[in-house]
Amino acid sequence: MEAMQSMNVTYETLFDILRAERRRDEVQELSVTFFDDVVQYLKQKKELIVKKEHESGVDAFDEIKAMRIQYENAQKIIKEIYERREKKILFMALNKSRTKMALQPKYLLEQEQEFYEQLTRLLDAYRGDVAEKLMHGIQPKQEIAAVLSSLAQGSIQKEEGAAKGQNSFGEAIESVAG
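The shown structure was predicted, so the numbers you read here are calculated from the model rather than taken from an experiment.

S.K.: When you look at the overall build of the protein chain in this model, what are you seeing that I'm missing?
M.R.: Helix and strand content of the protein chain: seven helices and zero strands. Reading the secondary structure of the protein chain in the N-to-C direction produces α-α-α-α-α-α-α. Here the protein chain holds 178 residues, and the buried ones make up 29% of them. Sequence-distant contacts, at least 24 apart, represent 72% of the contacts inside the protein chain between residues at least 6 apart. Carbon and sulfur atoms make up 53% of the accessible area of the protein chain, which totals about 12,200 Å².

See the structure below:
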């Protein structure tokens, strides 16, 4: 199935996405540009509020207040979408680590795919150090940091090789909200 390319983000589409994520156990399909589209939507909303504040007088107070409330509600919806998807990804990674089945999750965005892969590696490393060693009567490492050290080196190298200028979803939202 080909990924959706772009979407026109509105308050209503965000709410529809949230409703779909709430109703289904699986991660739902989003456009490959979803993060960019959300950031653009929030920027436009914020600019519109600022413009309205500067252009309008006391007469538009209620309208500006309503726009701010909608902006804040959109941020809450985005956060809940993220948290629901995050939880589903956590469960997928845990399931893959436990079953050792080669699962390829559907509909993950690029950043989410990286999150899933890193979680799976972390869970596998921890399971290998603690559970496997305990089952064979071997003392596991004393600190989780020892388990993570090899994973951290792989992550640092991957980040250094990644294209510059790409923000995570959270960084992008913080830059708009701030």
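From this point, the discussion proceeds with the structure in view.
S.K.: Which parts of the structure should I look at to understand the nonpolar core?
M.R.: In globular proteins that are soluble, nonpolar side chains generally tend to be buried together. Membership of the largest hydrophobic core comes to 21 residues, with the highest contact counts inside it found for Leu14, Phe34, Val38 and Leu42. When contributions to this core are tallied by element, the ones reaching two or more residues are α1 (11-23), α2 (34-55) and α3 (61-99). When residues in this core are grouped by element, the largest group, seven residues, is from α3. Formed by six residues, the second largest nonpolar core is a distinct cluster that contains Val27, Ala93, Tyr116 and Leu119.

S.K.: Quick question: what am I supposed to make of the packing of α1 against α2 here?
M.R.: When two helices pack together, their arrangement is given by the angle between the helix axes and by the axis-to-axis distance. Between α1 and α2, the least distance of the axes is 11 Å, while the angle of their chain directions is 140 degrees. The angle between α1 and α2 falls in the class oblique. Like other packed secondary-structure pairs, α1 and α2 cross with a definite hand, here left-handed. Taken together, the residues of α2 that come into contact with α1 (itself represented by Tyr11, Leu14 and Ile17) are Phe34, Val38 and Tyr41. The residue inventory of the contact of α1 with α2, partitioned by class, reads six nonpolar, no polar and no charged.

S.K.: Help me out: how do you make sense of the pattern of salt bridges in this one?
M.R.: A side chain with one charge can pair with a side chain of the opposite charge if their charged atoms come near. Per the counting criterion, the structure on display carries 11 salt bridges. Across the pair aspartate 16 and arginine 19 runs a salt bridge, and its minimum N-O distance is 2.5 Å. Of this pair, aspartate 16 and arginine 19 both sit in helix α1, three residues apart, which is roughly one turn of the helix. Across the salt bridge formed by glutamate 80 and arginine 84, the nearest N and O atoms sit 2.9 Å from each other. Of this pair, glutamate 80 and arginine 84 are both found in helix α3, four residues apart, which corresponds to roughly one turn of the helix. What you see here is one network of salt bridges that share partners, running through Glu21, Arg85, Lys88 and Glu112.

S.K.: How should unusual backbone geometry be read in this particular structure?
M.R.: The bulk of non-glycine residues show a negative phi, and the bulk of peptide bonds are trans. Phi is positive for lysine 100, which is not a glycine, with a value near 60 degrees. With respect to the element layout, lysine 100 can be found in the loop between α3 and α4 (110-129). With a relative accessible area of 54%, lysine 100 lands in the exposed category. Positioned with a positive phi, tyrosine 107 is a non-glycine residue whose angle comes to about 70 degrees. With respect to the secondary-structure elements, tyrosine 107 resides in the loop between α3 and α4.

Criteria and thresholds
- Residues numbered from 1 in each chain as written.
- Predicted model: local features only at pLDDT ≥ 70, side-chain atom pairs only at ≥ 80, totals over all residues.
- Heavy atoms only, no water.
- Helix = DSSP H or I, 4+ residues; strand = E, 2+ residues; numbered from the N terminus.
- Buried < 20%, exposed > 50% of the residue type's maximum accessible area, 1.4 Å probe, protein only.
- Contact = heavy atoms within 4.5 Å.
- Areas by Shrake-Rupley, 256 points an atom, 1.4 Å probe, with all protein chains shown as cover.
- Core = buried A, V, L, I, M, F, W, Y, C linked by side-chain atoms within 4.5 Å.
- Axes fitted to C-alpha atoms, helices over the stretch in contact; angles between N-to-C directions.
- Parallel < 35°, antiparallel > 145°, perpendicular 65-115°, else oblique.
- Left-handed = near helix turned anticlockwise from the far one by under 90°.
- Nonpolar A, V, L, I, M, F, W, Y, C, P; charged D, E, K, R; others polar.
- Salt bridge = Lys/Arg side-chain N within 4 Å of Asp/Glu carboxyl O.

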